[in-house]
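Working through the structure, step by step
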Amino acid sequence: MTDQRRFPDLVCLGVQKAATTWLYSRFNGRPGIFVPPIKELHYLSGLCYPLAIRFAARHRAAQANAALEYWRGVPDHNPLKSSKVAQCEHLLEEPVDDDWYAGVFEHASADDVCVDIAPDYFTMPREGAEHVVSVCPSVKLLVILRDPIDRTWSHMKMHFPPEKISAAVEARQFDRSLAPFIEFSQYERALTGWREVAPEGALLELMFDDVGTTPAESIQRICDHAGISTKASFDGLETRSHVGRVADIPPLLYAEFLERLRPQYEFLASDYPIAAE
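Our subject in this report is the structure included herewith. (Residues numbered from 1 in each chain as written. Predicted model: local features only at pLDDT ≥ 70, side-chain atom pairs only at ≥ 80, totals over all residues. Heavy atoms only, no water.)

Our next topic: the pairing of strand β4 (residues 140-145). Counting buried positions along β4 gives five out of six residues, so the element sits mostly inside the fold. Pairing of strand β1 (residues 10-14) with β4, which is carried by four bridges, proceeds in the parallel orientation. Its bridge partner lying in β4, Cys12 is registered against Leu142. Summarising the sheet, β4 and strand β5 (residues 203-207) pair through five bridges and their orientation is parallel. Opposite Ile144, over in β5, you have Leu206 as the bridge partner. (Buried < 20%, exposed > 50% of the residue type's maximum accessible area, 1.4 Å probe, protein only. Helix = DSSP H or I, 4+ residues; strand = E, 2+ residues; numbered from the N terminus. Pairing = 2+ DSSP bridges.)

What follows is the structure, encoded as structure tokens:
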């Protein structure tokens, strides 16, 4: 018996701090594309990834409640209101299982390409990747890779104020401070797993720098991969999202990054021209 539930056609795996918010913003409200009313469901990672399990439900609920409050406040004559309210209410329901996941996408039109974007999917355990493919056998997958040190530093700046980073560097408190951010830059383990699990031709790998320099070409590649029509051009392709504060990496911290992430550069070298200086 064929499973009639609706699941995503495209899953963007990440990586964290590599244009996933930019992509969600370009897709949100675009005819022919359905994205949930919040950017990150954390569903698949929340099944098996200890890092995500700790925050997934709380983060999803906070975002869903904020979106629900917004859509309840728009005028009743807005044609999207009733559907958006129902979508947000569904995100707050339990249990959170495959039926719940499918319910997120049941509001999509029959011809829509459904998209799920969550940057913690990339580094979740292999069982999470296998679950994606089991519930969505024809799914297309996307990962946007970023220079490991640049990615880690951008991620760290997002969470820590400068004075806390300086204090950690001066006290050499690297193990406690860096571990969560280094985890999301473990490309060798994560990308190898996805390449092994993904059906042939299902995984598209892009570089963050290419998205920044040639956004129109990059989004065209994503749309071609996912079967999304691009008859109408995308607005705001040059707009950057979640731009962090400009700050140089302290030399001691850079050296620590380089020591811990050198294997990732060695792994990427055969496919991507990234070199740590």
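The structure having been displayed, the exposition proceeds.
Of all five residues in β5, five are buried; the element is thus mostly enclosed. Residues Leu203, Glu205 and Met207 line one face of β5 and the alternating positions Leu204 and Leu206 line the opposite face, and both faces are buried.

So, on to the layout of surface pockets. Reported here for the second largest pocket is a volume of approximately 270 Å³. It is helix α5 (residues 81-91) that provides the largest number of residues to the lining of the second largest pocket, a total of three residues. Here the residues of the lining of the second largest pocket are counted per class, giving five nonpolar, seven polar and three charged. (1 Å grid on protein atoms, 1.4 Å probe; cavity = no way out; pocket = protein on both sides within 12 Å on 5 of 7 lines; lining within 4 Å. Points joined across faces, edges and corners; volume = space filled by probe spheres on them. Nonpolar A, V, L, I, M, F, W, Y, C, P; charged D, E, K, R; others polar.)

Summarising the element assignment, Pro137 is placed in the loop between α7 (126-135) and β4. For the pair Pro137 and Ala190, spaced 53 residues apart in the sequence, the C-alpha separation amounts to 20 Å.

With that settled, consider the nonpolar core. With 78 residues, the main nonpolar core has Phe27, Leu41 and Phe122 as its most contacted residues. Within the second largest apolar cluster, 14 residues are counted, among which are Met156, Phe181, Phe257 and Leu261. (Core = buried A, V, L, I, M, F, W, Y, C linked by side-chain atoms within 4.5 Å.)

It is worth spelling out a negative patch on the surface at this point. Together, Asp150, Asp209, Asp210 and Glu217 make up a region of like negative charge exposed at the surface. Within the element layout of this structure, Asp209 appears in helix α12 (residues 208-213). (Patch = residues over 30% accessible without salt bridge, like charges linked within 9 Å, V, L, I, M, F, W, Y side chains within 5 Å. Areas by Shrake-Rupley, 256 points an atom, 1.4 Å probe, with all protein chains shown as cover. Salt bridge = Lys/Arg side-chain N within 4 Å of Asp/Glu carboxyl O. Lys, Arg positive; Asp, Glu negative; His and termini not counted. Charge placed at Lys NZ, Arg CZ, Asp CG, Glu CD.)

Turning our attention to unusual backbone geometry. Omega for the bond connecting Gly14 with Val15 falls within 30 degrees of zero, at 10°, which places this linkage in the cis form. Position of Val15 relative to the elements: it lies in the loop between β1 and α1 (20-27). Backbone torsion omega between Glu94 and Pro95 reads 0°, so that peptide bond is classified as cis. Take Pro95: it is sitting in the loop between α5 and α6 (98-104). At Lys17, a residue that is not glycine, the phi angle is positive and equals roughly 65°. We classify Lys17 as buried; its relative accessible area is 12%. The phi dihedral of His42 falls on the positive side, at around 55°, and the residue is not glycine. Along the chain, His42 turns up in the loop between β2 (33-34) and α2 (43-46).

All right, on to the sheet that holds β5 then. The strand order across the open sheet built from five strands is β2-β3-β1-β4-β5, with neighbouring strands paired in parallel fashion. Where the open sheet ends on each side, the last strands, each with one partner, are β2 and β5. Its contacts with the sheet put helix α11 (residues 187-197) on β1, β4 and β5, and the angle it makes with β5 is roughly 145°. (Contact = heavy atoms within 4.5 Å. Axes fitted to C-alpha atoms, helices over the stretch in contact; angles between N-to-C directions.)

The next thing to look at is the packing of α1 against helix α13 (residues 215-226). It is at 12 Å that the axes of α1 and α13 come closest, and there the two elements cross at 70°. In this view, α1 runs roughly perpendicular relative to α13, as classed from their interaxial angle. Between α1 and α13, the residues in contact are Trp22, Leu23, Arg26 and Phe27 and Pro215, Ile219, Ile222 and Cys223, respectively. (Parallel < 35°, antiparallel > 145°, perpendicular 65-115°, else oblique.)

On to the pattern of salt bridges. Tallied over the full model, the rule gives 11 salt bridges. Between Asp9 and Arg6 there is a salt bridge, with the nearest N and O atoms lying 4.0 Å from each other. In this structure Asp9 comes out as partly exposed when scored by relative accessible area, which is 27%. The class of Arg6 is partly exposed, set by a relative accessible area of 23%. One network of salt bridges, with partners in common, ties together Arg126, Glu130 and Glu196.

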